[in-house]
Amino acid sequence: MRILLTGKNGQLGCCLQEVISSSTHTLFAFGSDELDISDADQVASSVAKVQPDIIVNAAAYTAVDKAEQDQAKAYAVNEQGVANLAKSAQALGIPVIHVSTDYVFDGFSVEPYKPSDITAPQGVYGASKLAGEQALASICTRYIVLRTAWVFSEYGNNFVKTMLRLGQERDALSVVSDQYGCPTYAGDLAQSIVCLCDHYQATKELAWGIHHYSGDMPTSWHGFARTIFAKAYERGLLSKVPKLTAISSEQYPTPAKRPEYSVLNTSTLEALSLRPSMWLFSLDKVLDTLSAEFSGE
Ligand SMILES: NC(=O)c1ccc[n+]([C@@H]2O[C@H](COP(=O)([O-])OP(=O)(O)OC[C@H]3O[C@@H](n4cnc5c(N)ncnc54)[C@H](OP(=O)(O)O)[C@@H]3O)[C@@H](O)[C@H]2O)c1
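Residues numbered from 1 in each chain as written. Predicted model: local features only at pLDDT ≥ 70, side-chain atom pairs only at ≥ 80, totals over all residues. Heavy atoms only, no water.

Caption draft 1: Structural view of the overall build of the protein chain. A count of helices and strands for the protein chain gives 9 helices and 12 strands. Dimensions of the protein chain, computed from C-alpha atoms along their principal axes, come out at roughly 55 × 40 × 35 Å. Counting over 297 residues, the protein chain shows a buried share of 52%. With the model as given, the accessible surface of the protein chain reaches about 12,900 Å², and the carbon-plus-sulfur share is 51%. A gap of 2 Å separates the mean positions of the 23 positive and 32 negative side-chain charges of the protein chain. (Helix = DSSP H or I, 4+ residues; strand = E, 2+ residues; numbered from the N terminus. Buried < 20%, exposed > 50% of the residue type's maximum accessible area, 1.4 Å probe, protein only. Areas by Shrake-Rupley, 256 points an atom, 1.4 Å probe, with all protein chains shown as cover. Lys, Arg positive; Asp, Glu negative; His and termini not counted. Charge placed at Lys NZ, Arg CZ, Asp CG, Glu CD.)

What follows is the structure in structure tokens.
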């Protein structure tokens, strides 16, 4: 199948490039410099040129705090950009696989969020991503939204890499312990997206609509940091484990409010035989890959 991928240089985009390149599909991948999804003409002409069988959108405005000040840009990419892709896909009669976020929820639930649960974003980023989901649903007859969470990988900027850097620089640090979610390896998400593409190619059908894909075990940012430090120390990536203090979100104010609990119920995808990201195992893989970079070799 001919797959048009946007946002090829992001965490998910890089992982998708790897996975699709070793699949039977033909990849047409675009970075933001080659295809700005917020530009309707660029989207229409790229789609017309590539004539894809499916569009996978890994492009997004993901700066959660910056979005509070940069609302227009966040919506231009996360709502209008998705609408542009949706219109071109619908005109060509092809489906879109789009990625969204746990931050569409308010975080007041006490059990994992199901795809059908009521959304109530706490900040501009989450609201702009929700607007993108709604634009896609209103334009496309065949689409998949995969909401994911706490994405990490060997690529780009993410919590794992930030903790490794801080762990090297500092003897002690404080990390928020009252926000819970499921870390998700971008490579596992990419594999699942390609499985969906395979299934679509074989059957011309998919379970259209919204699904959740995330890691298999909830933790807090503090718990995630503790695990990263332990595993990094085991590998000699850190010469010592920094002293880690648990703090509340109130003690670490950020411009954007984040949900306290954004654990996602992934059962609709599990029903399609897609397993959640085994993030502890994937974290080992990412740390092994990062070893060379962080040990200064
Ligand atoms: N990261 C997380 O923790 C997290 C959590 C939940 C959900 N998600 C969702 O998961 C998806 C993948 O996230 P990620 O972590 O891979 O994000 P990422 O690393 O920030 O990558 C996003 C990519 O989108 C590109 N982009 C931005 N504006 C664009 C535009 N107008 N046109 C085309 N490309 C544009 C960026 O390119 P430039 O760098 O050139 O701007 C970047 O390469 C996103 O939909 C995100 O909302 C992420």
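Caption draft 2: Inspection of helix α4 (residues 124-139) at higher detail. For α4, built from 16 residues, the straight-helix expectation of 22 Å at 1.5 Å per residue is met to within 8% by its first-to-last C-alpha distance of 22 Å. Buried residues along α4 sit in contact with α3 (71-92), β4 (96-101), β5 (143-148) and β10 (209-212). (Expected span 1.5 Å × (residues − 1). Contact = heavy atoms within 4.5 Å.)

Caption draft 3: Highlighting the site of the ligand. Around the ligand, a shell composed of 23 residues is seen, among which S32, D36, T62, Y125 and K129 lie nearest. A distance of 3.0 Å separates an oxygen atom of the ligand from a polar atom in the backbone of G10. D36 is positioned such that a nitrogen or oxygen atom in its side chain is 2.8 Å from a nitrogen atom of the ligand. Notes on the ligand: free accessible area 900 Å², of which the protein chains cover 78%. (Near = heavy atom within 4 Å. Polar contact = N/O pair within 3.5 Å; in protein donor to acceptor, adjacent residues only side chain to side chain.)

Caption draft 4: Representation of the UniProt feature "domain: RmlD-like substrate binding" (unreviewed entry) in the protein chain. The UniProt record marks residues 1-290 with the feature "domain: RmlD-like substrate binding" (unreviewed entry), using the residue numbering of this structure. Between the C-alpha atoms that bound residues 1-290 there is a distance of 32 Å. The span itself is 41% helix and 17% strand. (UniProt positions renumbered as here; feature names shortened; annotations may be inferred.)

Caption draft 5: Quick peek at empty space enclosed by the protein. Under the definition given, this model contains 1 cavity of 30 Å³ or more. Computed from the structure, the largest cavity encloses a volume of approximately 40 Å³. Partitioning the lining of the largest cavity into residue classes produces 5 nonpolar, 3 polar and 1 charged. (1 Å grid on protein atoms, 1.4 Å probe; cavity = no way out; pocket = protein on both sides within 12 Å on 5 of 7 lines; lining within 4 Å. Points joined across faces, edges and corners; volume = space filled by probe spheres on them. Nonpolar A, V, L, I, M, F, W, Y, C, P; charged D, E, K, R; others polar.)

Caption draft 6: Main features of the nonpolar core. Core analysis: the biggest nonpolar cluster contains 61 residues, and V160, M163 and F224 have the highest contact counts within it. Of all the elements in the fold, those that place two or more residues in this core are α2 (40-50), α3, α4, β5, α5 (159-169), β7 (172-176), α7 (221-234) and α9 (279-294). Excluding its chain neighbours within four sequence positions, the residues that come into contact with M163 are L173, V175, A225, I228 and F229. By size, the runner-up hydrophobic cluster in this structure holds 27 residues, among which are V56, A190, Y213 and L269. (Core = buried A, V, L, I, M, F, W, Y, C linked by side-chain atoms within 4.5 Å.)

Caption draft 7: Structural context of the environment of F152. Within the element layout of this structure, F152 appears in strand β6 (residues 151-152). Between the C-alpha atom of F152 and that of G187, which follows or precedes it by 35 residues, the distance is 8.8 Å. The residues contacting F152, other than those within four sequence positions of it, are Q11, N158, V160, P183, T184, Y185, A186, F224, W279, S282, L283 and V286.

Caption draft 8: Summary view of the pattern of salt bridges. Evaluated as defined, the whole model comprises 10 salt bridges. Here the salt bridges do not stand alone but share partners, grouping K231, R235, D284 and D288 into one network. (Salt bridge = Lys/Arg side-chain N within 4 Å of Asp/Glu carboxyl O.)

Caption draft 9: Spatial organisation of α3. Given a rise of 1.5 Å per residue, 22 residues ought to cover 32 Å, and the 31 Å separating the end C-alpha atoms of α3 matches this to within 8%. Considering bend angle alone, the principal kink of α3 is centred on Q80 and spans about 30°. Turning to α3, its buried residues are A74, V77, N78, G81, V82, A83, N84, L85, A86, S88 and A89. Buried residues in α3 make contact with β1 (2-6), α2, β3 (54-57), β4 and α4. Of the residues trailing α3, G93 is marked for its positive phi of about 75°. (Bend = angle between axes of the 7 residues up to and from the residue.)

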